[in-house]
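# Examination of the molecular architecture
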Amino acid sequence: MKVGGFIGLASLLGHSVVAHPSAHSADHHHLQTRQNGGVVITTGAPGNVSPRYEIRQLQAQHSQQWSLFILAMQKWQAMDSNNLTSYYQLATIHGQPYQSWNGVGADAGCQDCGGGYCPHDIALFPGWHRAYLALYEQQFVAIAQQIAATYPSNIRQSYIDAAASIRFPYFDWAAIPPSGQDAIPTSITSPQITVTGPGGQTTISNPLYSFKLLTEIGIQYPWSSYNPTLRYPNNEPTNNAQSSETYVIQAFNKNQKSLQSQVYNLLTQCNDFQHFSNDNAGNSRSCSNSLEGIHNTVHSISGGYNVYDGNQYGGHMAWINVASFDPLFWLHHMNVDRIFSMWQTIHASYGASQYPQESTWTYSSKTLQTADSPLKPFRKDANTFWTTNTVKNWASTFKYTYPEFVDSKGDAAAIKSYANKLYGPSASATAGSSKRTTAPNPGSPNAATASAPASSGLLTYSNGSTVEYVANLHLPRYQLDGSWSVVLFKGTPVSENPAQWIFDPNYISTVGVPAMAGMKKNKALVSSSISFTKTLTDAFHDGKLANMHVNNVAPYLRDNLHWRIHGPNGNVDPASLKGFQIGVFSTSSFLQATDQLPQWSQYLPLIEATQGKPGGADLLSTIFNLEKLFSL
Ligand SMILES: *[C@@H]1O[C@H](CO)[C@@H](O)[C@H](O)[C@H]1NC(C)=O
Ligand SMILES: *[C@@H]1O[C@H](CO)[C@@H](O)[C@H](O)[C@H]1NC(C)=O
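Scoring rules and cut-offs
Residues numbered from 1 in each chain as written. Chains lettered and ligands numbered in written order. Predicted model: local features only at pLDDT ≥ 70, side-chain atom pairs only at ≥ 80, totals over all residues. Heavy atoms only, no water. UniProt positions renumbered as here; feature names shortened; annotations may be inferred. Near = heavy atom within 4 Å. Polar contact = N/O pair within 3.5 Å; in protein donor to acceptor, adjacent residues only side chain to side chain. Areas by Shrake-Rupley, 256 points an atom, 1.4 Å probe, with all protein chains shown as cover. Helix = DSSP H or I, 4+ residues; strand = E, 2+ residues; numbered from the N terminus. Expected span 1.5 Å × (residues − 1). Buried < 20%, exposed > 50% of the residue type's maximum accessible area, 1.4 Å probe, protein only. Pairing = 2+ DSSP bridges. Axes fitted to C-alpha atoms, helices over the stretch in contact; angles between N-to-C directions. Contact = heavy atoms within 4.5 Å. Core = buried A, V, L, I, M, F, W, Y, C linked by side-chain atoms within 4.5 Å.

- An unreviewed UniProt entry annotates the protein as tyrosinase of Acrodontium crateriforme.
- The Cofactor (unreviewed entry) field of the UniProt record for the protein holds the comment "Cu(2+)".
- For the record of the protein, the UniProt heading Sequence similarities (unreviewed entry) holds the text "Belongs to the tyrosinase family."

### Some details on the site of ligand 2
- Around ligand 2, the neighbouring residues are Tyr461, Asn463, Ser465, Ser588, Phe590 and Ser601.
- Within the side chain of Asn463, one N or O atom sits 2.4 Å away from an oxygen atom of ligand 2.
- A distance of 2.9 Å separates a nitrogen atom of ligand 2 from a polar atom in the side chain of Ser465.
- Protein burial of ligand 2: of its 360 Å² of free accessible surface, 51% is covered by the chains.

### Re helix H11 (residues 291-303)
- Here H11 spans 19 Å end to end across 13 residues, near enough to the 18 Å set by a 1.5 Å rise per residue.
- Of all 13 residues in H11, 13 are buried; the element is thus mostly enclosed.
- Phi turns positive, to about 65°, at Gly304, one or two residues after H11.

### Digging into the sheet that holds strand E9 (residues 507-513)
- In spatial order, the strands read E9-E8-E11-E12; together these four strands make up an open sheet with antiparallel pairing. Each of the sheet's edge strands pairs with one partner strand only, and the pair in question is E9 and strand E12 (570-572). Going across the sheet, the axis of each strand differs from the next one's by a mean of 30°, ignoring polarity.
- For strand E8 (residues 484-490) and E9, the ladder comprises six bridges, and the chain directions are antiparallel. Counterpart to Phe489 in the pairing with E9 is Tyr507.
- Contacting E8 and strand E11 (561-567), helix H18 (residues 550-560) runs over the sheet at an angle of about 45° to E11.

### A look at the nonpolar core
- With 173 residues, the main nonpolar core has Phe69, Trp173, Val486, Leu488, Phe532, Leu557 and Phe580 as its most contacted residues.
- Broken down by element, this core gets its largest block of residues, 14 residues, from helix H6 (residues 125-148).
- With sequence-adjacent residues up to four places away left out, Trp173 is seen in contact with Phe252, Gln256, Leu259, Val263, Ile294, Val298, His332, Asn335, Val336 and Ile339.

### Section: the UniProt feature "domain: Tyrosinase copper-binding" (unreviewed entry) in the protein
- When the UniProt feature table is mapped to this numbering, "domain: Tyrosinase copper-binding" (unreviewed entry) covers residues 120-137 and 326-337.
- With 72% helix and 0% strand, residues 120-137 has its two end C-alpha atoms placed 22 Å apart.
- The span residues 326-337 carries 83% helix and 0% strand; its end-to-end C-alpha distance comes to 18 Å.

So, in structure tokens, the structure goes:
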């Protein structure tokens, strides 16, 4: 009742993004502590270090853990919303309904604190989410263990053993999907799922497909009406809207190649933590994209837009403040953390200091954040919080790891070879195939490569370097008063209805910009990047491009490259969006050995690809902004 009263207050304040919890946090702390008999410490999973498997690997190779995973999600989602460790409560930490969790209120004296706890556009991004996932995983494992103990006695012990090493899976959206499968597994996109429960085989509503909020108190419109969680809603929020699975599947299929290149470039080119970690780190010689930037696009293509008129509100994943209610959030972020751990193993740089672009529930935009700043609300013990520095060693700290680290020596050379074979231009391994027994040796292409278009010769210079063309974008993240996307096309889209774009024959890919309404005073200009490799090889195979030489590619992109901006209130003229800019560059990578990083060449601008187009870089802006805008 008292907690409900607090939530009611939060909902009143919640209509504006900036709420001021400080006056109420002490009272709230008291209530939470009393109701739950103590505070929750983030410890991570119990037991020995065990791998978080790729979701397809978990389903195919660990059937008992798979059933426990699905049944634990079902049980957890049904748990009382007021319970501090319910699925609902853990999801509220990220954003709405903007309430204190575990008694952690704003810093004393914080004048501008508001929104959720999650840090974005700042170097705290990877570490904060690592602690968040550790808390999430510890609750998940506890429930899986409870379920294991309910199996019939003749098989119970094997389920108890399976639960002892269970970890939450990740969804690798960047690697090539297993042969013949869509880029997003059906276990995420099917409304129903069949597993082996304590009573035998059972078909249930799939807890990875959606989450039904048992209370919507304090959740703002339209998400108060979009319940269960949705992806590409097919109707007005006031009606019975449903997810549009064909759109989600299409979006992941169409963006996988671009995400693959982005992850490769991130792992092999970004060598300082600041630029690697977040989309608001300014210019860098080697890194114009970031872990956060890539992660943003996955959010946008997961939640999408509404399908009935192509604009207004899309699904939960596309909005920072409600994304974590969708079960896909957790599968996605486990992969983000895995990329973080791979990057850490390859590069020495760790931790950075940065002023926040915006305040959160617990820190002010005026306070410098460092690798020793508390990652609130995740308690290391009763009196301290985890920090970027203390979450550094994921395995020893939180008792999880990833298959790449247990199926190899797990050192820098081994992880570099995984980066090359999973994400490189001649990647041969498929998502979840890290096992020595199922993955090819580095450099020996498997069947997937043999049946792929014979384009590797096309993409290789005579000196052995691989050609790459990219678009780098600068995005005024909060200026459209909500989430938005840039959609790139090879030719003009057939229709100006954004709902149709991912099915357009000329669609290339999407750059997602998840945001919230009411943040226009935040002037963040964030960076992102996409690759044209697949577009250009397709153009070659269609006879539209003679070869990959810049003398052919520049005029091809001049004649064919178009982009559209799709905002929360309809389409936006890119020329009218202050700060938006897109520029195209060529580069190349040379791989000396499969367990080394490639050597990248300079980025050279292709001015004619964008000059004269709305928001496109031209000669002047390229000359004046080369350093500043395009991270050369
Ligand atoms: C919250 O749920 C956990 C796990 O089911 C349970 O042990 C605990 O007693 C619950 N707390 C409250 C206050 O209901
Ligand atoms: C290979 O040739 C290309 C095209 O001339 C050049 O841009 C690149 O830097 C060269 N790579 C190496 C490793 O020399």
